[in-house]
Amino acid sequence: MDAYVEKGAADADDGRPTPPAGTVHQGPSDPVTTEPSDLPEPSGLSGDGSEVRPAAERAGGGIMALSMPYQVVLAVALAVVGVFACVHLAMVFLHVAPSNTLTKRHGQAVDDWVYPEFEQNWKLFAPNPLQQNVSVEVRAELVAADGSRRTTGWFDLTAQDAEAIRHNPMPSHAQQNELRRAVDFYLNSHSEDHTPNGMRGRLSEEYMRRIAMLRLGDRSGDAERVQLRTVTRAVAAPAWGTEKNDTTPSYRDFPWWPVTDADRPAGVDRSRTEAGR
């Protein structure tokens, strides 16, 4: 033990300067001085026994790094989004589920939530998918300035929608569903002889007339009456198939409906029609 003490004293008295704090010896070469900031931050226990953690760990992260008001706002926003998602999933499930006690009691609320933005059409996955193309056509009885009348040919309204949808990456909801839904509304609220079933039937007639007048465009100012019809054609069998489908079209004519001023599009010039009267 005394030998080690004497050697340490001899090293201290050999005439070499004592290196400052923070100096690291690398053998016989000159010492390399390191700055205090270059030294790793101590971890473990401090002198008083408390735990010392790195600065990155002490800073925290995620929601806890925000101030309390921001934490409250974020928590409320997440709760609102979660509640909306749960309600939406429940409504869509009730919409596509078979008839049950909830849908019988709250069916109107479910329909108000789903239609028209979240409509679910499962016919594509039915055992017997639709194998028919149904077109809607319209013609009008026009009144000329001299009082003469003539009937136009049939205009294919479904073909107009198909042309607007084709090659359009984002077709509008009206182009895809307005005409189809209007015809379904009419057929479901009328008997086979086109007798309306109460107020819904009369509303469906007005709806169909106004769609027809919008589609007639410039001719709507001279239109006195309009008539619609559906044309149903079976989808032809593929060339490689063995089925033989009859593609002869079948027609269902609607009654002639008189056109009122409320049915005409806004801004239509009716001067020629009034002059003819």
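Refer to the structure above for everything that follows.
Bear in mind that the values here come from a model prediction, so they are computed numbers and not experimental data. (Residues numbered from 1 in each chain as written. Predicted model: local features only at pLDDT ≥ 70, side-chain atom pairs only at ≥ 80, totals over all residues. Heavy atoms only, no water.)

Considering the overall build of the chain
Check the secondary structure of the chain and you find eight helices and 10 strands. Within the chain, the proportion of its 277 residues that are buried is 21%. A separation of at least 24 residues holds for 53% of the contacts in the chain among residues at least 6 apart in sequence. Counting every atom, the chain has about 19,800 Å² of accessible surface; 58% of that belongs to carbon and sulfur. (Helix = DSSP H or I, 4+ residues; strand = E, 2+ residues; numbered from the N terminus. Buried < 20%, exposed > 50% of the residue type's maximum accessible area, 1.4 Å probe, protein only. Contact = heavy atoms within 4.5 Å. Areas by Shrake-Rupley, 256 points an atom, 1.4 Å probe, with all protein chains shown as cover.)

Some words on the packing of aromatic side chains
Considering all chains together, one arrives at four aromatic pairs under this definition. An aromatic cluster is defined as three or more aromatic residues linked by ring pairs; in this entry it consists of Tyr186, Phe254 and Trp257. The ring of tryptophan 256 carries arginine 225 above its face, with NZ or CZ at 4.6 Å from the centroid. (Phe/Tyr/Trp six-rings, centres within 6.5 Å; stacked < 30°, edge-to-face > 60°. Lys NZ or Arg CZ within 6 Å of the ring centre and 35° of its normal.)

Examining the nonpolar core
Side chains that are nonpolar tend, in soluble globular proteins, to be buried together. Among the nonpolar cores identified, the biggest contains 20 residues, and Val138, Met208, Val226, Leu228 and Trp257 are the most heavily contacted of them. Secondary structure elements with two or more residues in this core: β5 (132-143), α6 (173-188), α7 (198-216) and β8 (223-234). Among the elements that make up this core, the one with the highest residue count is α7 (five residues). (Core = buried A, V, L, I, M, F, W, Y, C linked by side-chain atoms within 4.5 Å.)

Observations concerning helix α4 (residues 101-114)
Taking 1.5 Å per residue, 14 residues should reach 20 Å; α4 reaches 18 Å between its end C-alpha atoms and fits that length. Helix geometry: α4 is bent most strongly at glycine 107, by close to 75 degrees. Every buried residue belonging to α4 is among Thr103, Gly107, Val110 and Val114, and all of these are buried. In this structure asparagine 100 caps α4, since a side-chain oxygen of it lies 3.0 Å from the backbone nitrogen of leucine 102. (Expected span 1.5 Å × (residues − 1). Bend = angle between axes of the 7 residues up to and from the residue. Polar contact = N/O pair within 3.5 Å; in protein donor to acceptor, adjacent residues only side chain to side chain.)

So, the side chain of threonine 152
Take threonine 152: it is sitting in the loop between β6 (149-151) and β7 (155-156). When residues no more than four places from it in sequence are discounted, the contact partners of threonine 152 are Arg139, Ala140 and Leu142.

A few points about unusual backbone geometry
Unlike most non-glycine residues, histidine 167 shows phi in positive territory, near 65 degrees. A positive phi angle is found at histidine 194, which is not glycine, with a value near 70 degrees. For histidine 194, the location among the structural elements is in the loop between α6 and α7.

Overview of the packing of helix α5 (residues 157-165) against α6
Contact pair α5 / α6: the axes reach a minimum separation of 9 Å and the direction vectors enclose 160 degrees. Considering the angle they form, α5 stands roughly antiparallel to α6. Considering how the two elements wind past one another, α5 and α6 form a crossing that is left-handed. The segment α5 lies against α6, with Leu157, Thr158, Asp161, Ala164 and Ile165 engaging Gln175, Gln176 and Leu179. Classifying every residue of the contact of α5 with α6 gives four nonpolar, three polar and one charged. (Axes fitted to C-alpha atoms, helices over the stretch in contact; angles between N-to-C directions. Parallel < 35°, antiparallel > 145°, perpendicular 65-115°, else oblique. Left-handed = near helix turned anticlockwise from the far one by under 90°. Nonpolar A, V, L, I, M, F, W, Y, C, P; charged D, E, K, R; others polar.)

Notes on helix α3 (residues 68-96)
End to end, α3 covers 43 Å across 29 residues, agreeing with the expected 42 Å (1.5 Å per residue, within 8%). Within the span of α3, buried status applies to Gln71, His88, Met91, Val92, Leu94 and His95. In this structure, the buried side of α3 is in contact with α4.

Overview of the pattern of salt bridges
Applying the stated rule across the entire model yields 11 salt bridges. Between arginine 210 and aspartate 263 there is a salt bridge, and its shortest N-O distance comes to 3.2 Å. Of the two residues, arginine 210 is situated in helix α7 and aspartate 263 in the loop between β10 (257-258) and α8 (271-276); the sequence distance between them amounts to 53 residues. Under the relative-accessibility criterion, aspartate 263 is labelled buried at 2%. Within this structure, Glu206, Arg209, Arg210 and Asp263 form a network of salt bridges that share partners. (Salt bridge = Lys/Arg side-chain N within 4 Å of Asp/Glu carboxyl O.)

Things to note about the packing of α3 against α4
The contact between α3 and α4 brings their axes to 9 Å, and the two run at 115 degrees. Read as a crossing pair, α3 and α4 show a hand that is left-handed. Contacts between α3 and α4 involve Phe84, Val87, His88, Met91, Leu94 and His95 from the first element and Leu102, Thr103, Val110, Asp111, Trp113 and Val114 from the second. Its residues assigned to classes, the contact of α3 with α4 shows eight nonpolar, three polar and one charged.

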